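The residues making up each chain are set out below.
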Amino acid sequence: MSKASTIQTSFNAGELSPTLDGRVDLAKYANGCSKMENFFPLVQGGARKRSGTRHVAEAKYNSSPSRLIPFEFGTTQAYILEFGEKYMRVYKNGGQVLTDVGGVYEIATPYPSSTLSAIQYAQSADVLFIAHPDWNPRKLTRSDHDEWTLAVVEFDYVPFEPTNIDTAVKVQASATTGNGITLTTSPSTAIFSDPLLVDGQFKLSEIIGSHHGVWEPHSDNLVYSGTMSAGITTVYFENNVYKLTNKNAHLKTGTSAPIHDTGTASDGKWDWEYLHSGEGYVTITAVAGDGFSATANVVKTLPDSVATALGTPTHRWAYGAWTGKNGYPRSVSFFEDRLWWAGTDNNPQTLWASKTSDYENHQVVDLDESALVFTLNTDQVNVIEWINAGKVLMIGTAGGEFVVAAALEGEALVPGNVRVVRHSTYGSKSLVTPQRVEQVLLFVQRAGRKLRELVFDDSSGSYMAPDMTVLADHITLGGITRLAWQQEPNRMVWATLGTGELICFTYDRAQQVTAWHRHPLGGTDVKVESIAVIPHPSGDQDQLWLVVSRTIGGGTKRQVELLEPEWVRSNPRDSAFFVDAGLSYEGEAATTMTGLLHLEGQTVAILAGGATHPDRVVSGGTITLDRPSTSVHAGLPYTATLQTMRLDGGGADGTSQGKTKRITNVVVRLDQTGAGFRYGPSAVDADMDEFSLRDSYDLMDEPVPLFDGDTPVLPWPEGYEQAARVTIRHTLPLPCTVTAIMPQFLTQDR
């Protein structure tokens, strides 16, 4: 028999997979845990109990889930938007935005609850552009904290499908401007048969040089006599067509070429009205039953050459790219001062980028600032699930990950200078938006079980996507459904699972810390349905918001909550908030606390005046205390559990693994820990003993000071076993940080 004393100095490998139980040779084994629940690893090595969640408001509907979306206009103006069953509500500074008369501020949306997970968004200042595969793009505009507008994006120029190339199928318009014009096919071809074309756009084009003269400076080629109709009265310059509106017969053209794209302007001598750029389009309002014609309203003036009595039918026509027939883009992002959209049902691999600095203009022209349209060329069709901008534009599809950049390095991405390369073939999970961390992109693989790190590898000159769950593959068994990045004070990626579990991934590459941990919230039948992160109102950290569903009073209740800031040493003890769905009271000493209707009938944990208080059952939204207090925190209790891997201290003839062992005692090094904890070989109460930090020297009417340092030598509550793990469980509503565990054990050699 041999004796060994070991120490686990760090827990920053997080919770490791059960399949690693035998990998004592793995470097992370020494810093890992077999269970880490409601603790999170510090980069420095310790494990700190997470703070509780504060109740903010009840979701509008208990019968259907809602989704949280962040809106940040600087760190001091950050909002959480609650989208639910065709509504949106607003949260700011830890509370719900109200109307002037005290009601909940709310606006209507078109999105049913069942479709909310498909929303993607991109923000520019006070405008949030929203993409959804079932609705045309919208923009949410903030004018004030209680003044928001959601409207369909009225594009200056909409995107279109490729122009028809079948010269036998032609279309003619009854007029070039106005509402209620008629589009007719010639010969009769049923291109307007689908009613889903209604509300979509339709474009008619011409070859400019075949119908107009060219504007030239100091030219008298347009000299005419008599009325304006005699001679040429339309010209083009740089693909824009202009109509002459005012001409002095004794003068030539001026020297300033017409370059305007709206209204009328002078070239220095004559006045020119902008007509079009060789094309115009309409919005279809109705289609005929035979599909040979459609009624439409003109949006952009049509060329005379395609109109009845003024021209002839043309085969140069195109459907709008985003219609009820084609579907709408599911992804949106900003990149190189363009607004990018991607992935409709009919064009799942196509991307559309706006003109430079003109986010609502998708007109394709022969200039560098032109809008862009291109389609991924792959060996199989895979819908674009997301697009994300960094140094390059990254694209996630169901079959792989692509990078879009300028073909010539260091130059801007413009027409003719676009390069698209597939860098991996893992595929991305639908409806899960990736998270950017500097130049790294964290995305969820198609099956939902793996979080991958898309990062550029200098040695290979390409992007690699290593698996971040390889050491904790059991953590994501429910399938990841949502990600949220919290940068301050700890670098963590929060995630929800299909089972409703809340998990977290500490990610600090600079310190080589990648660690998973789980965070079961207090309550019954708890499911975390949505998460989002915004800067804390203080500006010195980030704040996690959650939509949580629980069974309360025999029914499902959905509540909006936020995670309280991490405990720090400078905090006063009575500010400790370690309950879930909790609320606080601050004021004159009182023995009752009200406002807890959201926890009606629930047993709540209480911290009163910085000291633990016996649990109470909420009745009528109220609890009664044993003693008056000026500071009370009450909410659902939760348990924080930390369990080491199998201990390995060696034996007389080699490893101690697989041998019968007996832990004789343990010392735990603590930092800022309150009240005490339970310890033993497992988290089962019968296997554990309790260590209390209160001793005979502490006054019974005052809270026990938070403890820093080593516990006394704690006798072990169990006998011989093979696994030999140390489990620590903290249940009281106070902070707890474990910095080291030092067991002593005996090993029986075979």
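Cut-offs applied
Residues numbered from 1 in each chain as written. Predicted model: local features only at pLDDT ≥ 70, side-chain atom pairs only at ≥ 80, totals over all residues. Heavy atoms only, no water. Helix = DSSP H or I, 4+ residues; strand = E, 2+ residues; numbered from the N terminus. Contact = heavy atoms within 4.5 Å. Areas by Shrake-Rupley, 256 points an atom, 1.4 Å probe, with all protein chains shown as cover. Lys, Arg positive; Asp, Glu negative; His and termini not counted. Charge placed at Lys NZ, Arg CZ, Asp CG, Glu CD. Pairing = 2+ DSSP bridges. Axes fitted to C-alpha atoms, helices over the stretch in contact; angles between N-to-C directions. Buried < 20%, exposed > 50% of the residue type's maximum accessible area, 1.4 Å probe, protein only. Phe/Tyr/Trp six-rings, centres within 6.5 Å; stacked < 30°, edge-to-face > 60°. Lys NZ or Arg CZ within 6 Å of the ring centre and 35° of its normal. Salt bridge = Lys/Arg side-chain N within 4 Å of Asp/Glu carboxyl O. Core = buried A, V, L, I, M, F, W, Y, C linked by side-chain atoms within 4.5 Å. Disulfide = S-S within 2.5 Å.

With respect to the overall build of the protein
Reasoning step 1: Across its full length, the protein holds 0 helices and 58 strands.
Reasoning step 2: Each principal axis of the C-alpha distribution contributes one length, and for the protein these read about 115 × 65 × 50 Å.
Reasoning step 3: Of the contacts made within the protein by residues no fewer than 6 positions apart, 62% connect residues no fewer than 24 positions apart.
Reasoning step 4: Working note: accessible area of the protein is about 30800 Å², and carbon and sulfur atoms make up 48% of it.
Reasoning step 5: Side-chain charges of the protein comprise 59 positive and 84 negative groups, with the mean position of each set lying 5 Å from the other.

What about the pairing of strand 21 (residues 240–246)?
Reasoning step 1: Examined bridge by bridge, strand 20 (residues 234–237) and strand 21 share 4 bridges and lie antiparallel to one another. Of the residues in strand 21, the one forming a bridge with T234 is K243.
Reasoning step 2: In this structure, the hairpin formed by strand 20 and strand 21 is closed by a connection of 2 residues, where E238 is found at a positive phi of approximately 50°.

A closer look at the sheet that holds strand 14 (residues 135–144)
Reasoning step 1: Taken in spatial order, the 4 strands make up an open sheet running 12-13-14-15, and their pairing is antiparallel. Only two strands of the sheet have a single partner each, and these edge strands are strand 12 (120–124) and strand 15 (147–152). The average angle at which neighbouring strand axes cross in this sheet is 20°, direction not considered.
Reasoning step 2: Relative to strand 14, strand 13 (residues 127–132) runs antiparallel, the two being bridged by 5 bridges. Within the sheet, the bridge partner assigned to I130 lies in strand 14 and is R138.

Looking at the side chain of S549
Reasoning step 1: Looking at the element boundaries, S549 is found in strand 44 (residues 542–552).
Reasoning step 2: Classification of S549 as buried rests on a relative accessible area of 6%.
Reasoning step 3: Non-local contacts of S549, meaning those with residues more than four positions away in its chain, are made with D525, V526, K527, E529, T556, K557 and R558.

Details of the sheet that holds strand 29 (residues 350–353)
Two modes of strand pairing occur in sheets, parallel and antiparallel, and in both the strands are linked by backbone hydrogen bonds.
Reasoning step 1: Strands sit in the order 27-28-29-30 across an open sheet of 4 strands; the sheet is antiparallel. Each edge of the open sheet is held by one strand with a lone partner, namely strand 27 (331–335) and strand 30 (372–375). The average undirected angle you get between the axes of adjacent strands in this sheet is 20°.
Reasoning step 2: Two strands pair when backbone bridges link them, and strand 28 (residues 338–342) and strand 29 are joined in this way by 3 bridges, in the antiparallel orientation. Its bridge partner being in strand 29, W340 is matched across the sheet by A353.

Concerning the packing of aromatic side chains
Reasoning step 1: Under the counting rule described, the total for this entry stands at 33 aromatic pairs.
Reasoning step 2: Between F129 and W341, the aromatic rings sit 6.4 Å apart at their centres with planes inclined by 85°, giving edge-to-face as the arrangement. Here W341 lies in strand 28 and F129 lies in strand 13, a separation of 212 residues in the sequence.
Reasoning step 3: On the basis of relative accessible area, W341 is assigned to the buried category, the value being 0%.
Reasoning step 4: An aromatic cluster of three or more residues is present, and its members are F129, F155, W322, F334, W341, W352 and Y359.
Reasoning step 5: Sitting over the face of the ring of Y87, K60 holds its NZ or CZ atom 5.1 Å from the ring centroid.
Reasoning step 6: For R89, the ring lying beneath its charged end belongs to Y87, and the centroid distance is 5.7 Å.

Notes on the pattern of salt bridges
Reasoning step 1: Scanning the entire structure with this criterion turns up 26 salt bridges.
Reasoning step 2: Put simply, K60 and E106 hold a salt bridge, and the shortest N to O gap is 2.5 Å. Of this pair, K60 sits in the loop between strand 6 (53–58) and strand 7 (67–72) while E106 is found in strand 11 (residues 106–108), placing the two residues 46 residues apart along the sequence.
Reasoning step 3: When its relative accessible area of 29% is taken as the criterion, K60 is described as partly exposed.
Reasoning step 4: Here E529 makes a salt bridge to R558, at a shortest N to O gap of 2.8 Å. In this pair, E529 is assigned in strand 43 (residues 527–535) and R558 in strand 45 (residues 555–563), connecting sequence segments 29 residues apart.
Reasoning step 5: The exposure class assigned to E529 is partly exposed, which follows from its relative accessible area of 25%.

Thoughts on the environment of S17
Reasoning step 1: On the secondary structure map, S17 appears in the loop between strand 2 (14–15) and strand 3 (32–37).
Reasoning step 2: Remark: the alpha-carbon pair of S17 and L471, spanning 454 residues in sequence, is separated by 5.8 Å.
Reasoning step 3: When near neighbours in sequence (up to four residues on either side) are disregarded, S17 contacts L471, A472, D473 and H474.

Describing the nonpolar core
Reasoning step 1: Grouped together as the largest cluster of nonpolar side chains are 27 residues, with contacts concentrated most on L642 and V738.
Reasoning step 2: Sorting the residues of this core by element identifies strand 3, strand 50 (640–644), strand 51 (661–673), strand 52 (676–680) and strand 58 (737–747) as the ones contributing at least two each.
Reasoning step 3: Broken down by element, this core gets its largest block of residues, 4 residues, from strand 51.

A few points about unusual backbone geometry
Reasoning step 1: With an omega of -5°, the peptide bond between S186 and P187 qualifies as cis.
Reasoning step 2: In this fold, P187 is placed in the loop between strand 17 (181–186) and strand 18 (201–205).
Reasoning step 3: The peptide bond linking E488 to P489 adopts the cis configuration, its omega dihedral lying at 0°.
Reasoning step 4: Considering the arrangement of structural elements, one finds P489 in the loop between strand 39 (480–486) and strand 40 (492–497).

Details of the state of the cysteines
Reasoning step 1: A complete count under the given rule lists 0 disulfides for this structure.
Reasoning step 2: Free of any disulfide, C33 has its nearest cysteine sulfur in C736, 13 Å distant.
Reasoning step 3: A residue is classified by how much of its surface remains accessible, and C33, at 0% relative accessible area, is buried.

Things to note about the environment of T594
Reasoning step 1: Relative to the helices and strands, T594 is located in the loop between strand 46 (580–593) and strand 47 (603–608).
Reasoning step 2: Contact partners of T594, with chain neighbours within four places excluded, come to G621 and T622.

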